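Here's the letter readout for the chains.
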Amino acid sequence: METKIEFHKLKGRSQNGYASWGAPWEKGIVGKESGFKLFDENGCEIPVQSKIGAYWPDGSVKWSFHSADCSKARGKMFLKAVREKESHVPMASETDFSINVDNGVFNAKIPKSGELLIDGIEKDGKKLLDKAKLSFILEEREEKDGMLLRRETAFYGELREVCAEENGDLKCTIKAQGIHKSKDGRELIPFVVRLEFFKNCPQIKITHTFLYDGNENNDFLKGMGIKFYFPIEGELWNRHVKFVHKNGIFHEASKLLLSWRPKLDSEIYKRQLSGEVLKFSDQNKDFWTAQSDMAAWDSWRLFQQSPTSFELQKRTENSNCCYIDCPGGEKSLGTACVCGENGAFLIGMKNFWQKYPSGLWIDGMCTEKAEISAWFWSPDAKAMDFRHYDTKGHASAYYEGFDEVGARAQGIACTSEMSIAFAKKLLSDEEMLEFANFVQKPPFIVASPEYYHKTGVFGRWSVPKKDSPEKIWIEKQLDLALDFYIKEVKRRRWYGLFNYGDFMHTYDSERHCWRYDMGGYAWQNTELVPTLWLWYSFLRTGREDVLTLAEEMSRHCSEVDVYHFGEYKGLGSRHNVRHWGCSCKEPRIAMAGHHRFYYYLTGDSRVGDIFDEVLDADFSTLNIDPLRYFYDKDKMVYPTHARTGPDWAAYCSNWLTEWERSLNEFYLQKIKTGIDDLKRAPLKLVSGSDFEYDPQSGHLRYIGENAAGGTHLAICMGGPQIWFELADLLSDPEWKEMLALYGKFYFSSNEERQALSNGLIGKREFSFPYMAAAMGAFAAEYYGDDVLASKVWEALIGELKKQCGFYVQEFGEIKEIPWISTNFAAQWCLNAICALDFIGDYLEQK
């Protein structure tokens, strides 16, 4: 077994700068006391900071997390496990009142309480940044005398808890938590902000999360952002602003040195806009006369109002005057530079145009302190309205959960990323584009698909092989499906702060658009696990465009579709027109299984928070039983219900993630308790799938052969993928046999199922074999059953051939797959990826 892993920088991502990534290790080869060293392909050692991320059941390392400056790497990189742990000199030190970070470039002070996020950044006694603080603007509405009145209230972020979450010599992460507060003392909208510092690096990465705890009928989001205060010095003509857009660089100065009369040398204007610091003698009367009559521009407002339109305006130093329009465009990259004679401040917001309505404001360019506001929701936009789209449910007509209105925004969250940086002088256009690309497409360090597959860290999935006509056809369809959705995001403009990352559920071939307005047919909200489809697709192909799709889906679905606090904590909302709109609040939507890939490949700390939040999601079903309309509560023995899948399977993903992260035996035991209960059920895993459930003990109680919503729900929400992993981790032969029995049972005829169950199965339907293909393939491999393997492939391939494959058709200028649903695409592709690993060899023999 290897104690060395080969990595490379993913093409299509920035090739320079610091990166953080996860390294998977095969079971039993790296001890928990091990250290790590990183080398480039020439054998030159690269400084690396490391920590353990997860363990195998035997206590050996499963995942390790690393940070390094990948600019230092030439070609491939090799990570080695060594006996000695590397020693670190912490970057941060603490006092009673602040955490102070010295990264070798500057010193930053982060208060432990109060209204400042950053209380100064200095270099050699010179202030690079005066301060930074959080800003939230609330809009409240009231009807009076037939008129709708709007009132805006400004809130500032107040820090309540601050800690050094990671404190090494290469990377330091400060986690700040608090709540926004108004001047009259009202508290609203909690936040979590992480500041990441890197050794000898002038950049700071910022991850900003806000959680909605308002009253959606009255508390509307008018603005959300961070303000930075940059000391700026020098003459106004040497004070520059730059914005980076997709269509080029916008560059101006507070005074533009172009004059009609007295006429100035045109070279002066050229030199100014090249970034040169210009000095003029007192004897240059023409210059001083001309500049005294020039407008002094003090403020700029960038507003991305839609995914295809931004406007840029500016105003002079007189606040009583209007803003005028600057050249606008389609897509801004949300990157700006503010520069004076004393240096430059850079800011870049990731996914700026994709997560509209976003904004960047620059104010005070004619003063001693410029104020740069990064708006995740721009105050220039209409306020965000969290209310539902109707006053009643549409369960029958539009596939919503129940007829009750269960929409609730209280408890959801939204996370955005950005970076700031400092420079000695104005950056060139090429340097600005490089910084913008780093923010939008940061470095991503990966191993080969073959290595990920060999380690078994994500269960059973396949690496592409094209050694038979059937495999060639399947791989072609997998590629077509990915390409369709990558382009569909752009074609259908699935963008916006609360939308970007998600797909729509079902296509409307008559209107030639997705059913955006039809209840459960609108946003997907992880239903039938497109998350797993995308992440396995990335692991097996290494495609950067697929990675982007998977990353953004995980970021969105783990935040907006999930309840992070309150009575529904750890649950998520089923698919709907509004992401929080469905009355079904389900553990499957929020489960850790969706996002383990993202967490382990990147070490993302925010996703780690979410794993903690969903860990005890089963207790939240005491507040909202998923089967509350199917059973009489007065006749129940246990306090709530859980279906084997998707509910208990989702809990298993949460508990497995905790067990491997911490070796916490309590949650391992909860998994084993449920498995033992299923072993005692008449048909074992086939039984149910409805059970009564006790969150306190983790016990499932058999209540007969009933499957509310359909038997397929047990195996189409990611359950099989988690169960396959558990089969390899638990060393429990009977559990493997139970999985195999389930797969064989599903692909048996109705007569055979009645015989196998002695008639107990009754009228339960097993009507979606393509969704059960992975389970059937597991069984075919387990039993060495070629007949069963043939049934699985016939079901899977035949189901897609009914629709003639994932081929795009044209209707005028519209490109579409008229029959498409994300349910089908995600489940067909996921099952094909898994089945190829179990019984791909059968296709070679045909």
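The notes below deal with the structure included here. Remember, predicted model here, so these are calculated numbers, not experimental data. (Residues numbered from 1 in each chain as written. Predicted model: local features only at pLDDT ≥ 70, side-chain atom pairs only at ≥ 80, totals over all residues. Heavy atoms only, no water.)

## Remarks on the overall build of the chain
In terms of regular secondary structure, the chain is built from 20 helices and 38 strands. Taking 2.2 N^0.38 as the reference for a compact globule, 846 residues should give roughly 28 Å; the C-alpha atoms of the chain span a radius of gyration of 29 Å, in line with that estimate. Out of the 846 residues belonging to the chain, those deemed buried represent 63%. A total of about 32300 Å² of accessible surface is found on the chain, and carbon and sulfur atoms cover 47% of it. (Helix = DSSP H or I, 4+ residues; strand = E, 2+ residues; numbered from the N terminus. Rg over C-alpha atoms; globule rule 2.2 N^0.38 Å. Buried < 20%, exposed > 50% of the residue type's maximum accessible area, 1.4 Å probe, protein only. Areas by Shrake-Rupley, 256 points an atom, 1.4 Å probe, with all protein chains shown as cover.)

## Some thoughts on empty space enclosed by the protein
Evaluated as defined, the whole model comprises eight cavities of 30 Å³ or more. Along the walls of the largest cavity sit Ser20, Trp21, Gln49, Lys51, Phe65, His66, Ser67, Glu166, Lys171, Thr602, Gly603 and Ser605, which together make up its complete lining. Looking at the lining of the largest cavity element by element, the count peaks at three residues for strand S6 (residues 61-69). Classifying every residue of the lining of the largest cavity by side-chain character gives two nonpolar, seven polar and three charged. (1 Å grid on protein atoms, 1.4 Å probe; cavity = no way out; pocket = protein on both sides within 12 Å on 5 of 7 lines; lining within 4 Å. Points joined across faces, edges and corners; volume = space filled by probe spheres on them. Nonpolar A, V, L, I, M, F, W, Y, C, P; charged D, E, K, R; others polar.)

## A word on the pairing of strand S9 (residues 98-102)
Of the pairings in the sheet, the one linking strand S8 (residues 92-94) to S9 comprises three bridges and is antiparallel in character. Each residue of the ladder has a partner; that of Ala92, found in S9, is Val101. With antiparallel pairing between neighbouring strands as the criterion, S8 and S9 make up a hairpin whose turn holds three residues. Summarising the sheet, S9 and strand S10 (residues 107-111) pair through five bridges and their orientation is antiparallel. Looking across to S10, one finds that Val101 is bridged to Ala108. Linking S9 to S10, which pair antiparallel, is a turn of four residues; within it Gly104 sits at a positive phi near 90°. (Pairing = 2+ DSSP bridges.)

## A word on the sheet that holds strand S5 (residues 49-55)
Read across the open sheet, the three strands follow the order S2-S6-S5; overall the sheet is antiparallel. In the strand order of this sheet, the two ends are held by strand S2 (18-24) and S5, each with one partner. For this sheet, the mean inter-axis angle between neighbouring strands, taken without regard to orientation, is 20°. Alignment of S5 against S6, held across six bridges, turns out to be antiparallel. Bridging from a neighbouring strand, Tyr55 pairs with Val61 of S6. Helix H13 (residues 644-662) rests against S5 and S6 of the sheet, and its axis sits at about 130° to S5. (Axes fitted to C-alpha atoms, helices over the stretch in contact; angles between N-to-C directions. Contact = heavy atoms within 4.5 Å.)

## Examining the nonpolar core
Residues Trp533, Trp723, Trp735, Phe806 and Trp828 are the most contacted members of the largest nonpolar core, which totals 174 residues. Dropping the residues within four chain positions of it, Trp533 is found in contact with Ala481, Leu482, Tyr485, Phe503, Ala825, Ala826, Cys829, Leu830 and Ile833. With 81 residues, the next largest nonpolar core counts Ala92, Ala108, Ala176 and Phe303 among its residues. (Core = buried A, V, L, I, M, F, W, Y, C linked by side-chain atoms within 4.5 Å.)

## Considering the environment of Ala714
With respect to the element layout, Ala714 can be found in the loop between strand S36 (699-702) and helix H15 (719-729). Taking the C-alpha atoms as reference points, Ala714 and Trp648, 66 residues apart in sequence, are found 9.2 Å from one another. Residues in contact with Ala714, not counting those within four places in the same chain, are Thr644, Gly645, Pro646, Ser689, Trp723 and Tyr742.

## Regarding the side chain of Ser60
Its place among the elements puts Ser60 in the loop between S5 and S6. Polar side-chain contacts of Ser60 include one of 2.8 Å to the backbone nitrogen of Gly28. What Ser60 contacts, discounting residues up to four positions off in sequence, is Lys27, Gly28, Ile29, Val30, Ala54 and Tyr55. (Polar contact = N/O pair within 3.5 Å; in protein donor to acceptor, adjacent residues only side chain to side chain.)

## Re a nonpolar patch on the surface
A contiguous nonpolar patch, built from Leu741, Tyr782 and Tyr783 and spanning about 260 Å² of accessible area, is present on the exposed surface. Exposure remark for Tyr783: the relative accessible area of 33% places this residue in the partly exposed category. (Patch = residues over 30% accessible without salt bridge, like charges linked within 9 Å, V, L, I, M, F, W, Y side chains within 5 Å. Salt bridge = Lys/Arg side-chain N within 4 Å of Asp/Glu carboxyl O.)

## Considerations on unusual backbone geometry
As a rule of thumb, non-glycine residues mostly have phi less than zero, and peptide bonds are mostly trans rather than cis. That bond from Arg261 to Pro262 is cis: its omega, -5°, falls within 30 degrees of zero. Relative to the helices and strands, Pro262 resides in the loop between strand S20 (248-253) and helix H1 (266-273). At the junction of Tyr356 and Pro357, the peptide bond is cis and its omega measures out at 0° in the coordinates. The phi torsion at Ser731 lies on the positive side, around 55°, for a residue other than glycine. The topology assignment puts Ser731 in the loop between H15 and helix H16 (733-746).

## Describing the sheet that holds strand S4 (residues 45-46)
Where strands meet in a sheet, backbone hydrogen bonds hold them as pairs that are either parallel or antiparallel. The strand order across the open sheet formed by five strands is S4-S3-S7-S1-S29, and the pairing between neighbours is antiparallel. Across the chains shown, the open sheet's two edge strands, defined by having one partner strand only, are S4 and strand S29 (445-446). As defined by bridge partners, strand S1 (residues 4-9) adjoins S29 across two bridges and the pair is classed as antiparallel. Bridge assignment links Lys9 to a residue of S29, and that residue is Ile445.

## Things to note about the packing of helix H6 (residues 469-491) against helix H8 (residues 544-557)
To describe two helices that pack against each other, one gives the angle between their axes and the distance between the axes. With their axes 11 Å apart at the nearest point, H6 and H8 run at an angle of 60° to one another. Judged by the angle between their axes, H6 and H8 are oblique. Between H6 and H8 lies a crossing of left-handed hand. Along the contact surface, H6 presents Leu482, Tyr485, Ile486 and Val489, while H8 presents Asp545, Val546 and Leu549. Along the lines of polarity and charge, the residues of the contact of H6 with H8 split into six nonpolar, no polar and one charged. (Parallel < 35°, antiparallel > 145°, perpendicular 65-115°, else oblique. Left-handed = near helix turned anticlockwise from the far one by under 90°.)

## Regarding the state of the cysteines
Under the defined criterion, the tally for this structure stands at zero disulfides. Counting only cysteine sulfurs, Cys322 is the nearest neighbor of Cys321, a cysteine outside any disulfide, at a range of 6.8 Å. Since its relative accessible area comes to 38%, Cys321 is described here as partly exposed. Cys339 takes part in no disulfide bond, and the closest cysteine sulfur to it belongs to Cys337, at a distance of 5.5 Å. (Disulfide = S-S within 2.5 Å.)

## Concerning the pairing of strand S24 (residues 332-340)
Residues in a regular strand point their side chains to alternate faces of the sheet. Counted residue by residue, S24 has nine buried out of nine residues, so it is predominantly covered. One ladder, built from six bridges, connects strand S19 (residues 240-245) with S24; its direction is antiparallel. The residue of S24 that forms the bridge with Val244 is Thr335. Pairing of S24 with strand S25 (residues 343-349) involves six bridges; the strand directions are antiparallel.

## Here we look at the pattern of salt bridges
It is possible for side chains bearing opposite charge to pair when their charged atoms get close. By the definition in use, this model includes 68 salt bridges. The partner of Asp130 in a salt bridge is Lys127, with the nearest N and O atoms 3.3 Å apart. Overall, the relative accessible area of 15% leaves Asp130 in the buried class. One network of salt bridges, in which partners are shared, links Glu165, Lys175, Arg194, Glu559, Arg606, Asp609 and Glu613.

## Description of the packing of helix H7 (residues 530-541) against helix H20 (residues 822-845)
Contact pair H7 / H20: the axes reach a minimum separation of 8 Å and the direction vectors enclose 45°. In terms of their interaxial angle, H7 and H20 are classed as oblique. Seen from above, H7 lies across H20 with left-handed handedness. Residue-level contacts link Pro530, Leu532, Trp533, Tyr536, Ser537 and Arg540 of H7 to Thr822, Ala825, Ala826, Cys829, Leu830, Ile833 and Leu836 of H20. Of the residues belonging to the contact of H7 with H20, the class tally is ten nonpolar, two polar and one charged.

## What to know about the packing of aromatic side chains
The tally for this structure, following the rule as stated, stands at 70 aromatic pairs. Summarising the aromatic geometry, the rings of Trp535 and Phe597 are spaced 6.3 Å apart at their centres and angled 5° between planes, so their arrangement reads as stacked. You can see Trp535 sitting in helix H7 and its partner Phe597 sitting in helix H10 (residues 596-602), a full 62 residues away along the chain. Phe597 carries the same exposure label as Trp535, and that label is buried. A cation over a ring is seen here: Lys131 above Tyr229, with NZ or CZ 4.9 Å from the ring centre. The aromatic ring of Trp260 is capped on one face by Arg261, whose charged end is 4.4 Å from the ring centroid. (Phe/Tyr/Trp six-rings, centres within 6.5 Å; stacked < 30°, edge-to-face > 60°. Lys NZ or Arg CZ within 6 Å of the ring centre and 35° of its normal.)

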